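Chain by chain, the residues run as shown.
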Amino acid sequence: MTRLIAILLSTAAISAAQEKTTVALSDPAHPAALHVRLISGSISVTAAEEPQVVAESSAVSRKATRTSTVPPGMHRLDNDGLGVDEDHNIVTVRPASPAEKTDLTIRVPVNTSVELRTINPGRIDVTGVNGDLEIQNINGAVNLTGVSGSVVAHSLNGNVTVSLSRVTPDMPMSFTSLNGKIEVTLPADTKARFRIKTRNGSVTSDFNLESAKSRDGRMEGTINGGGPDFAFETMNGDVVIHRK
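Residues numbered from 1 in each chain as written. Predicted model: local features only at pLDDT ≥ 70, side-chain atom pairs only at ≥ 80, totals over all residues. Heavy atoms only, no water.

1. Overview of the overall build of the protein chain
Put simply, the rule is: Note on conventions: DSSP H or I runs of at least 4 residues are helices, E runs of at least 2 residues are strands, and numbering of each starts at the N terminus. When a residue's accessible area, from a 1.4 Å probe over protein chains only, is under 20% of the maximum for its type it is buried; when over 50% it is exposed; and in between it is partly exposed. In what follows, a contact means two residues having at least one pair of non-hydrogen atoms within 4.5 Å. In short, Shrake-Rupley with a 1.4 Å probe defines the accessible areas, and a residue's cover is counted only from the protein chains shown.
The helix and strand inventory of the protein chain stands at one helix and 21 strands. For the protein chain, with 244 residues in total, the buried portion stands at 41%. Across the protein chain, the fraction of contacts at a sequence separation of at least 24, relative to all contacts at a separation of at least 6, is 58%. By element, 53% of the accessible surface of the protein chain is carried by carbon and sulfur atoms, the whole surface being about 12,200 Å².

Structure (structure tokens):
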């Protein structure tokens, strides 16, 4: 019985610890930027109509749940938990312990550029954000839904699924994977030059490629008269490009 109680107490002590931090922006009238890097875990970012960034984490940890609010331009000096710093509208989020699997859920203003990276099994989801999006996942899927702006999205082992409501004119974009499907939805009036490549998969689209040609296993062509380069590339998977 004593041993059973000890096991139960030990299990409770290392259960998922949750933290929540709210950070106000130095200048809410201007766009923000969010930077997140994880070794292990998932990242979910959602746009919200509020002039602040709210970060919540769930990690396997012995630390208790806590909530804190950080004034604009400030950061905690005594922080041994979820790290959230703000400097001139640039918000950086760090897990309490890089060695722990940490899942992050973050709310940001709509006009926010994001740079998100994670390595070990986990997914990256972004919804409703308008800005420059740089996304990299090593072992997991990338899902961008209803975003606007420009996108560079890569997964080494996972699908890349992107739905763009608006694109920034004259900005190149890239959607790539090694082992995964590439599926991208673009506004019908998008002007671009497509560069498409898959070694083990098919390529389909309801856009009509103009001046289409193939070279070195890569398909190239323009839509709506041409524009910046959009790269769609995977080694093992299909490429699907939808017209919205």
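Let us keep going from here.
2. What to know about unusual backbone geometry
Although it is not a glycine, N89 adopts a positive phi angle of roughly 75°. Topologically, N89 is positioned in the loop between strand 6 (83-87) and strand 7 (90-94). Residue class for N89 comes out buried when judged on its relative accessible area of 5%. One non-glycine residue, D170, adopts positive backbone phi at about 65°. Residue D170 is classed as exposed on the basis of its relative accessible area of 67%.

3. Examining the pattern of salt bridges
The cut-off we apply is this: The working definition used for a salt bridge is a side-chain nitrogen of Lys or Arg within 4 Å of a carboxyl oxygen of Asp or Glu.
Inspection of the entire model under this criterion finds 11 salt bridges. In this structure, R107 engages E50 in a salt bridge whose closest nitrogen and oxygen atoms are separated by 3.3 Å. With R107 in strand 8 (residues 102-109) and E50 in the loop between strand 3 (43-48) and strand 4 (52-60), this residue pair connects regions lying 57 residues apart in the sequence. Residue classification places R107 among the partly exposed positions, given a relative accessible area of 29%.

4. A closer look at the pairing of strand 10 (residues 124-127)
Put simply, the test is: Two strands are said to pair when DSSP picks up at least two bridges between them.
Looking at chain direction, strand 3 and strand 10 are connected through four bridges and run parallel. Across the sheet, residue T46 finds its bridge partner in strand 10, namely T127. Of the strand pairs in this sheet, strand 10 and strand 12 (residues 142-157) are connected by four bridges, and their pairing is parallel. In the strand pairing of strand 12, D125 is matched with N143.

5. Some thoughts on the environment of N159
Operational definition: N or O atoms closer than or at 3.5 Å make up a polar contact, with two conditions inside protein: a donor-capable atom paired with an acceptor-capable one, and, for residues adjacent in sequence, both atoms drawn from side chains.
Position of N159 relative to the elements: it lies in the loop between strand 12 and strand 13 (160-167). The residues contacting N159, other than those within four sequence positions of it, are A141, V142, G180 and K181. Polar contacts involving the side chain of N159 include one to the main-chain amide nitrogen of K181, which spans 2.7 Å.

6. Overview of the packing of aromatic side chains
How we decide: For this analysis, a ring pair means two rings from Phe, Tyr or Trp (six-membered ring only for Trp) whose centres lie within 6.5 Å, classed as stacked if their planes differ by under 30 degrees, edge-to-face if by over 60, and tilted for the remaining angles.
Overall, the coordinates contain four aromatic pairs when judged by the stated rule. When the centroid spacing of 5.9 Å and the interplanar angle of 90° are considered together, the rings of F194 and F207 count as edge-to-face. With F194 in strand 16 (residues 192-200) and F207 in the loop between strand 17 (203-205) and strand 18 (210-215), this pair connects stretches of sequence that are 13 residues apart. In this structure, F194 and F207 share a single accessibility class: buried. Look at F194 and F232: their rings are 4.9 Å apart centre to centre, the planes differ by 75°, and that puts the pair in the edge-to-face class. Of this pair, F194 sits in strand 16 while F232 is found in strand 20 (residues 229-236), placing the two residues 38 residues apart along the sequence. Taking the relative accessible area as the measure of exposure, F232 reaches 0% and is therefore buried. Linked through ring pairs, F175, F194, F207, F230 and F232 together constitute an aromatic cluster.

7. Examining the pairing of strand 15 (residues 182-186)
Consecutive side chains along a regular strand alternate between the two faces of the sheet. The buried fraction of strand 15 is high, at four of five residues. Pairing of strand 13 with strand 15 involves four bridges; the strand directions are parallel. If you follow T161 over to strand 15, its bridge partner there is E183. As paired strands, strand 15 and strand 21 (residues 239-243) are joined by five bridges and run parallel to one another. For I182, the partnering residue across the bridge sits in strand 21 and is V239.

8. Section: the environment of F194
Relative accessible area serves as the criterion here: at 1%, F194 is assigned to the buried category. Measuring from C-alpha to C-alpha, the distance between F194 and F230 comes to 5.0 Å, with 36 residues separating the pair along the chain.

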